[in-house]
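Reading the structure
These are the residues of each chain, in order.
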Amino acid sequence: MKTVYAYRRWRRASLQEHAALPAHTLDCPECGKRVNVPRLLQGHTANCPRCGHMLVRVEGNPFWAPLAYASASLIVMAFAYTMMYVTVSLAGVTSILTLPEMMRQLIVQDFGFLAEVMFVLTFGSPLLFLLLGIYVYTALVWEKPFPGLLYATRVLVRLRHVIMVDVFFISTLVAYIKLDTVSVVVFGEAFYLMPVLAVLLLRTSVSMPQHWVYYQIHRILGHSAVQTASDNRICCSRCLYFRDESEDDCGVCGVDLYRRRPKSLSLSLAFLIAAFLLYFPANFFPIMISSNPTALEINTILNGIVYMWEDGDRLIAVIIFSASVVVPVAKIAAMLVLIWSAYFSPPLPAAKMTLMYRITESIGRWSMIDIFVIIILMSAFHTHTARVVPGEASVYFCLVVVLTMLSAYFFDPRLIWDKQKSLQTGRQQAGHDADTEQAV
Ligand SMILES: [Zn+2]
Ligand SMILES: [Zn+2]
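None of the values given here were measured: they were computed from a predicted structure.

Side note on unusual backbone geometry
Phi is positive for aspartate 110, which is not a glycine, with a value near 65°. If you trace the backbone, aspartate 110 turns up in the loop between helix H3 (99-108) and helix H4 (112-142).

Written as structure tokens, this is what we have:
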């Protein structure tokens, strides 16, 4: 027994010791500043001294907390996907909906595409994310190089951007206000578990900072991810480790290796123009067609909002207006200003423009509310007496959301700093700044 305790104590001590990230240099992925990061212990973070971007973080309990959060999320998820989500009664017909039943309804109604969207964003990616998280962190705790560990980590860190359980939950609230006016709605246990799951997923994702995870994976695999900064090495803009410039893909995280994203502005602009053009049919064509024995209602996004406003559903009208009009329009306008800044001259200091980029990048996913509301209404009203089907505009709207996300993805925010610098010094600056500063 004594040896077991001693072994556990030794393991804990050795894990504690390995949790620290050694002092090293990296280039800020948002402004290109070269930063010296000191040795970081548990609970420490390092921010860019120039743009304030959080560069590196070590969790307070970096090995066990993510495992605990991921396991708890998995348990909540198992209940949320098997228990009743919502019951909708209309004209004597009652639909008892679990989340899988909602997806089945979409497939039965021949809207398999929407079923896939819902499956990937609310079930497939969170499930795979949690399983991979548990796999990777079990390997870290046991310090064992499990097979495919590096690839599992690469998929893990990418998946967290695809999880939309939180957006789906808010969409249910919006759909509820609409449902409640025509039918009797009773929420099940799964509905109340959804916000818990959303928060747990967010906490799990935050507790797995990729720079630290890749450091640990490489330590277990027997080589260090940390290399010294030099002119013939490029700091990967995703994992923030220096790699030899001869590499096409980063040897640590597997993404393309570049000093500045090639063709960033033209790609970003091309996706933006496509999104802008498709925004017209998204508003012009009907987004939702609902029918019951007395009325057939064909709604475009805008007249749907006006109808809800006049009907007294002011809150839902405001939410839908924000998600379907304000967010996409603001995002398109913001991307245009950002691209303009990098091409010609930033209208505000580069730090403010970087902040604008961060906000633009993070709000895009909330536009999916509209699509989720249609999915929920479709699965609730699928009888011959009452039916809701998506109109053509829903496809265009989905495309607008994806295209603006791609436009933000291909935009390299460091180009704004390069532009500001070249305007100040009168010459084009490529790569990082010569002066290195300490992280804050
Ligand atoms: Zn920075
Ligand atoms: Zn990388």
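Considerations on the coordination of the zinc ion (ligand 1)
Surrounding the zinc ion (ligand 1) are the protein donor atoms Cys28 (SG), Cys31 (SG), Cys48 (SG) and Cys51 (SG), at 2.2 to 2.3 Å. The coordination sphere of the zinc ion (ligand 1) comprises 4 donor atoms, whose angles at the metal cover 104 to 114°; the geometry is tetrahedral. Here the donor residues of the zinc ion (ligand 1) are spaced in sequence according to C-x2-C-x16-C-x2-C. Accessibility assignment for this pair places cysteine 28 and cysteine 31 in one class, buried.

Brief notes about the pairing of strand E2 (residues 34-37)
The sheet contact formed by strand E1 (residues 24-27) and E2 spans 4 bridges and is antiparallel. Bridge assignment links threonine 25 to a residue of E2, and that residue is asparagine 36. From the end of E1 to the start of E2, which pair antiparallel, there are 6 residues, and glycine 32 there has a positive phi angle of about 85°. Both E2 and strand E13 (residues 437-438) contribute to a ladder of 2 bridges, which runs parallel. What sits directly across from valine 35, in E13, is glutamate 437.

Observations concerning the domain arrangement of the protein
For the protein, the domain assignment lists domain 1 (61-225) and domain 2 (261-426). The distance between the C-alpha centroids of domain 1 and domain 2 comes to 24 Å. Each partner contributes residues to the interface: domain 1 has 32 residues there, and domain 2 has 30 residues. Both faces considered, domain 1 and domain 2 share a buried interface measuring about 2900 Å² in area, 81% of it formed by carbon and sulfur atoms. When the buried area of domain 1 at its contact with domain 2 is split by residue, Gln109, Val174 and Lys178 rank highest and sum to 21% of it.

Some points on the pattern of salt bridges
Across all of its chains, the model carries 12 salt bridges by this definition. In this structure, glutamate 59 and arginine 57 form a salt bridge, with 2.8 Å as the shortest nitrogen-oxygen distance. Arginine 57 shares its class with glutamate 59; the two are buried. Notably, a salt bridge pairs arginine 260 with aspartate 418, separated by 2.6 Å at the nearest N-O pair. Residue arginine 260 is found in the loop between strand E9 (242-244) and helix H9 (264-284), and its partner aspartate 418 is found in helix H15 (residues 414-425); the two are separated by 158 residues along the sequence. On the basis of relative accessibility, which here comes to 17%, the residue arginine 260 falls in the buried class. On the accessibility criterion, aspartate 418 (7% relative accessible area) is buried.

Each value, and the rule that gives it
- Residues numbered from 1 in each chain as written.
- Chains lettered and ligands numbered in written order.
- Predicted model: local features only at pLDDT ≥ 70, side-chain atom pairs only at ≥ 80, totals over all residues.
- Heavy atoms only, no water.
- Helix = DSSP H or I, 4+ residues; strand = E, 2+ residues; numbered from the N terminus.
- Donors = N, O, S within 2.8 Å, 3.2 Å for Na, K, Ca; no water.
- Tetrahedral: all angles 85-135°; square planar, octahedral: opposite > 155°, others 65-115°.
- Buried < 20%, exposed > 50% of the residue type's maximum accessible area, 1.4 Å probe, protein only.
- Pairing = 2+ DSSP bridges.
- Domains from an automatic or database assignment.
- Contact = heavy atoms within 4.5 Å.
- Buried area = accessible area lost by both parts, 1.4 Å probe.
- Salt bridge = Lys/Arg side-chain N within 4 Å of Asp/Glu carboxyl O.

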